[in-house]
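Observations on chain architecture
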Amino acid sequence: MGSYHKPDEKTLQGLKDLANKLRIHSIKATCASNSGHPSSCCSAAELMSVLFFHTMRYKADDPRHACNDRFVLSKGHAAPVLYAAWVEAGYVKEEDLLNLRKIDCPLEGHPTPKLAFVDVATGSLGQGLGAACGMAYTGKYFDKSSYRVYCLLGDGECSEGSVWEAMAFASHYSLNNLVAILDVNRLGQSEAAPLKHNVHAYQERCKAFGWNACVVDGHDVEALCRALWDAEQFKEKPTVIVAKTFKGRGLEGIEDKDGWHGKPIPKDRVGELLDKLQSKNQGPEKPFHPKLPSEDAAPVDHTPILLLTPPEYKIGDKISTRKAYGVALKRMGDASQRIVALDGDTKNSTFSDIFKKAHPDRYIECFIAEQNMVSVAIGCATRDRTIPFASTFAAFLSRAYDHIRMAAISQSNVNLVGSHCGVSIGEDGPSQMALEDLAMFRAIPTCTVFYPSDGVSTERAVELAANTKGVCFIRTSRPDTAVIYDSGEKFEIGKAKVLRQSDNDQVTVIGAGVTLHEALTAWHKNQMPMCKTMIFCVNIRVIDPFTIKPLDAATIVVCARATGGRVITVEDHYKEGGLGEAVLAAVGEEPGIVVHQLAVSQVPRSGKPQELLDMFGISAKSIVAAVRRTFAN
């Protein structure tokens, strides 16, 4: 371990002056927009000054360089102080700060990756540390690079459970390249944070989670220089710096006063307060240039990643799509080192354990912490360092929905896989059954929603997802089902498959996953000799949508018109927001098309899979009955 050298007085004064400049920039920017959080910026000014101009190593003209240290502003409402730091680093023009929050300016109210120096969007509190964990894990275990990751949190967001999920994760994996800084400024939005200025309580809690933890005066630049140097020397654990600060630091009548959160400085006080801040600067200005990073992270290969060989299934083979996912993921891992897998202690049910056995160095066990798992995956995906696939029961992704929503705002290319969807899981009962997941993911603006129905289509869904920008969701099922596609079948996003059709079809039936197989059984029943003697024997056309979003509206409309405008959708999902409503939206402007939805209509219960499909009217016999009702009416 080297010896600490205290910065010279000129450097320390320069860092103090820079902190005041960051305050001045933040105040000017929020006054120009007449909105924002200048008091939250002021508490963090010295933290940002020391981080950006003394500790971090990065190329200021290339913020996304692979070797740069990473910075995550988890307390995203303090965005102006981040923008101000990049002004002082020379990347953002000072005059652009005066366009803060304007519609044609990328300097938004909270940071987003529209800016090259922002890796993940923040502002929904409690999520930054999880993403920082993903970056740090990638740096330590995948890139094996020297870049470090710094995350600035507010004390208020430490009430979020996801912060402590991330704390546990970072400790478990000894992420000694990760430093969290808690800006303990005491005041939340509407009142004081629970621990107020009890910085030692924060320290003890962090220690209990396995972190190296120290307490500093967050406005003492020399103490911060020392604490951040110490963190770099500490090799056993991640480090948290608990910094006691004051909200509105340096603003007379505002500092440490309640009621100033999210309010710009009153116009009649701006001049006076800016003059006082400026008067504290002792100059002359010391030029600061960030230290350059070590060039030890390999460039990213953006070549598309394809399966090395076609799927190995034969038509008629039986395999669940959840197991086919595990097989596909392992095969994609064979094709590229960039493929990594995460799971929430369900790997023997999602079958991500197949990947783990083949590529243990690229598997991350996130345990039962789905919020953090999603954030870690988002962090792993930043700067295209990896292509992550994170899996658990689809029902449990609902608790991570805010993190998924933020993944879209973060422009993240993260792949989420949810198994055990619908009532077809059987005896485990409703707490384990995903019946809302399609609605959830359809509402995410950047999301592609895959719903494969056999082993071949599952492998192709995984392959496509790995090469698709934005959030991808793959919905997999528990029951074994027959392989219905030849291994050479080609699949495209937004292109449906018409599996059964004739010139005499009178109803179009659309199913996905297990209900597609029920639809095929219903079709088969209508081809049996006994059916031909029945008055209500009706030819049906069967469609596999493959992707629910985007949905192949053109194919559905053509088939609907060919079958007299009669469409039945059948899904192992609640009616709200699922396949049926997606189809309704697709044909909504087409005259003469009527869509009848078969879906789970109420909270289900335990039972055998087939019993439940029958009970909730989504089995083959229910489809046949619905077809006959259509003509009876």
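Scroll up for the structure.
Description of the structure in this document. Note that residues are indexed from 1 along each chain, following the sequence as it is written. At least 70 in pLDDT is required for a residue's local features to be given in this predicted model, at least 80 for side-chain atom pairs to be given and counted, and no such filter applies to totals for whole chains, interfaces and linings, which use all residues. Excluded from the side-chain calculations are hydrogens and water; all other atoms, namely the structure's heavy atoms, are used.

Turning to the overall build of the chain, a few remarks are in order. Counting from the N terminus, the helices are the DSSP runs of H or I reaching at least four residues and the strands are the DSSP runs of E reaching at least two. The secondary structure content of the chain amounts to 22 helices and 19 strands. The C-alpha radius of gyration of the chain comes to 28 Å, within 12% of the 26 Å expected for a compact globule of 633 residues. Within the span of the chain, comprising 633 residues, buried residues form 61% of the whole. Any pair of residues with heavy atoms lying within 4.5 Å of one another is described as a contacting pair. Across the chain, the fraction of contacts at a sequence separation of at least 24, relative to all contacts at a separation of at least 6, is 78%. Only carbon and sulfur atoms are counted for the fraction: they give 50% of the accessible area of the chain, which is about 24300 Å². Throughout, the radius of gyration refers to the C-alpha atoms, and the reference size of a globule is 2.2 Å times the residue count to the power 0.38. Here the term buried applies to any residue with accessible area under 20% of the maximum for its type, exposed to any over 50%, and partly exposed to those in between, with areas from a 1.4 Å probe on protein chains only. Per-residue and other accessible areas were derived by the Shrake-Rupley procedure at a 1.4 Å probe size, with only the shown protein chains allowed to occlude residues.

Moving on: the pattern of salt bridges. Note on definitions: salt bridges are taken to be side-chain nitrogens of Lys or Arg within 4 Å of carboxyl oxygens of Asp or Glu. Using the criterion set out here, one finds 28 salt bridges in the structure. Where R478 meets D428, a salt bridge forms, and the shortest distance between an N and an O atom there is 3.2 Å. With R478 in the loop between strand 12 (472-475) and strand 13 (481-482) and D428 in the loop between strand 10 (415-419) and helix 15 (437-442), the pair connects residues that are 50 residues apart, well separated along the chain. Looking at R478, the relative accessible area reads 28%, which means it is partly exposed. You can call D428 partly exposed: its relative accessible area is 42%.

Here helix 6 (residues 161-172) crosses helix 13 (residues 370-381) at 70 degrees, and the two axes come no closer than 9 Å. Judged by the angle between their axes, helix 6 and helix 13 are roughly perpendicular. As for the relative orientation of helix 6 and helix 13, their crossing is right-handed in sense. Mapping the contact onto sequence places S162, E165, A166 and F169 in helix 6 and E370, Q371, N372 and V376 in helix 13. Any residue outside Ala, Val, Leu, Ile, Met, Phe, Trp, Tyr, Cys, Pro, Asp, Glu, Lys and Arg is labelled polar, Gly included; the first ten of those are nonpolar and the last four are charged. Looking at the contact of helix 6 with helix 13 residue by residue, the class counts come to three nonpolar, three polar and two charged. Simply put, an axis is a line fit to the C-alpha atoms, just over the touching stretch for a helix, and the angle between two N-to-C directions goes from 0 to 180 degrees. Note on terminology: angles under 35 degrees are roughly parallel, angles over 145 are roughly antiparallel, angles of 65 to 115 are roughly perpendicular, and the others are oblique. Should the near helix be turned anticlockwise from the far one by less than a right angle, the crossing is left-handed, and should it be turned clockwise, the crossing is right-handed.

A pair of strands counts as paired when DSSP detects no fewer than two bridges linking them. Here five strands make up an open sheet; going across it, the order is 14-16-15-18-19 and the pairing mixed. The two strands at the open ends of the sheet, each matched to only one other strand, are strand 14 (497-500) and strand 19 (594-600). This sheet shows a mean twist of 25 degrees between the axes of neighbouring strands, independent of strand direction. Pairing between strand 15 (residues 507-511) and strand 18 (residues 566-574): four bridges, direction parallel. Residue G511 lies in a different strand from strand 18, and its bridge partner there is V570. Sitting on the sheet, helix 17 (residues 514-527) touches strand 14, strand 15, strand 16 (540-544) and strand 18, and the angle it makes with strand 16 is about 160 degrees.

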